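Single-letter residue listing:
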Amino acid sequence: MTLVGQRDPALERCSSGPLVVLTGAGLSTDSGIPDYRGPGAPARMPMTYQEFVSGPAAQQRYWARSHLGWSRMRRAEPNAGHRAVAALGADVVVTQNVDGLHEAAGTRDLVALHGRIADVVCLTCRRTTPRAALQQRLEEANPGWAARHADVAVRPDGDVDLEETADFVVPACVDCGGPLKPDVVFFGENVPKPRVERCYAAVEALDATGGTLLVAGSSLTVMSGLRFVRRAAQHGIDVVIVNRGTTRGDDLATHKVEAGVSEWLTALAAARAAESLS
């Protein structure tokens, strides 16, 4: 394990050569978006896909909370860590986050593994529309709702800590009248296969190029991210993990760094830029 202030072999390993980056919620905490599992994060269980599709009551509860949470999340700005990732020149950046901050920072070759909270999909006709348009409809259907609940705590997945939702009005799809869902992967829902295959291919390509898989700000608690670390280890590919606290991938890591993610990534971006000029 490497601590801040020590010679950093992980930074040296990542300062040149091909790189695939996997990011998690810990990268967005500096943008004011709370983390699920970082130090001090409260234990909680987000709504599952099975619960969401169980009927209108669950959907009403979800959208009432999300209406408040997203109105705050959409104001978040990319932090130094997001900007550093955009500057790394990585072959592919895979993010488990749905906040859209990598896109806002200008990251190219990005796979949003769990989708984007800024998009909405109809579960009946599958039409995808911008969340901003739905937000306006929610505001019109529920005047004063946001003001009445302005003090509730925001959660990492774009909703809030709120129990009283029975009077919240949820609009339906304007095309077919079907139920609307954020175009993100819920717990209990599968990541679309093409996304997974693209990520596996990017990781496996590092084998031939001597590249590195860098994990930044993820505890790797869920299999959707951990599987790529396992695949890299199976192929003998170096894995660098930068995260405060333990992760499920620590035993598979070539290097584990206990450091602030934004700080470390900023140093890495500077190191790769200097290497490219040498």
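Let me sum up the structure you'll find in this document. Residue numbering note: each chain is counted from 1, following its sequence as written. The predicted nature of this model means local features are confined to residues of pLDDT at least 70 and side-chain atom pairs, given and counted, to a pLDDT of 80 or more, with totals for whole chains, interfaces and linings taken over all residues. Processing note: side-chain calculations cover all non-hydrogen atoms of the structure and skip hydrogens and water entirely.

Details of unusual backbone geometry
Argument step 1. The backbone phi angle of Arg126 is positive, close to 70°, even though this residue is not glycine.
Argument step 2. Each helix corresponds to a stretch of at least 4 residues labelled H or I by DSSP, and each strand to a stretch of at least 2 residues labelled E; elements are numbered beginning at the N terminus. Relative to the helices and strands, Arg126 is located in the loop between strand 5 (115-122) and strand 6 (128-130).
Argument step 3. A positive phi angle is found at Leu220, which is not glycine, with a value near 55°.
Argument step 4. Each residue is assigned to one of three classes by its accessible area relative to the maximum for its type, calculated with a 1.4 Å probe on protein chains only: buried under 20%, partly exposed between the two thresholds, exposed over 50%. Take Leu220: its relative accessible area is 1%, and that puts it in the buried class.

Notes on the nonpolar core
Most often, soluble globular proteins have nonpolar side chains that are buried together.
Argument step 1. Judged by nonpolar contacts, the single largest core of 25 residues is most densely connected at Val94, Val203, Leu213, Val215, Leu220, Phe228 and Val229.
Argument step 2. Contributing elements (two or more residues each) for this core: strand 2 (19-23), strand 3 (92-95), helix 8 (193-209), strand 8 (212-216), helix 9 (223-234) and strand 9 (238-242).
Argument step 3. Discounting chain neighbours no more than four positions away, the residues touching Leu220 are Leu22, Val215, Gly225, Leu226, Val229, Ile241, Thr247, Arg248 and Gly249. Nine residue types can take part in a nonpolar core, namely buried Ala, Val, Leu, Ile, Met, Phe, Trp, Tyr and Cys, and a core is a set of them joined through side-chain atoms within 4.5 Å. Note on contacts: a residue pair is in contact if any heavy atoms of the two residues lie within 4.5 Å.

Digging into the packing of helix 8 against helix 9
Argument step 1. Only the contacting stretch of a helix is used when fitting its axis, a line to C-alpha atoms as for every element, and angles between N-to-C directions run 0 to 180 degrees. Put simply, helix 8 and helix 9 touch, their axes get as near as 9 Å, and they point 30° apart. If you check the angle between helix 8 and helix 9, you find them roughly parallel. Considering only the axes of helix 8 and helix 9, their crossing is right-handed. Here Val196, Cys199, Tyr200, Val203 and Glu204 of helix 8 lie close against helix 9, whose contacting residues are Arg227, Phe228, Arg231 and Ala232.
Argument step 2. Each residue receives one of three labels: charged for Asp, Glu, Lys and Arg, nonpolar for Ala, Val, Leu, Ile, Met, Phe, Trp, Tyr, Cys and Pro, and polar for the others, Gly being one of them. Taken together, the residues of the contact of helix 8 with helix 9 break down into six nonpolar, no polar and three charged. Working definition: roughly parallel below 35 degrees, roughly antiparallel above 145 degrees, roughly perpendicular at 65 to 115 degrees, and oblique for all remaining angles. Left-handed describes a crossing whose near helix is turned anticlockwise from the far helix by less than a right angle; the clockwise case is right-handed.

Digging into the environment of Phe52
Argument step 1. Position of Phe52 among the secondary structure elements: in helix 2 (residues 49-52).
Argument step 2. Remark: the alpha-carbon pair of Phe52 and Lys181, spanning 129 residues in sequence, is separated by 8.4 Å.
Argument step 3. Look past the residues within four positions of Phe52 in its chain and what remains in contact with it is Met47, Ala58, Gln59, Tyr62, Trp63, Leu123, Leu180, Lys181, Pro182 and Phe186.

What about the pairing of strand 2?
Argument step 1. Burial analysis of strand 2 places five of its five residues in the buried class, which makes it a mostly covered element.
Argument step 2. DSSP bridges decide pairing: two strands pair if at least two such bridges lie between them. Sheet analysis places strand 2 next to strand 8, joined by five bridges and oriented parallel. The residue of strand 8 that forms the bridge with Leu19 is Thr212.
Argument step 3. Pairing of strand 2 with strand 3, which is carried by four bridges, proceeds in the parallel orientation. Considered in strand 3, the bridge of Val20 is made with Val92.

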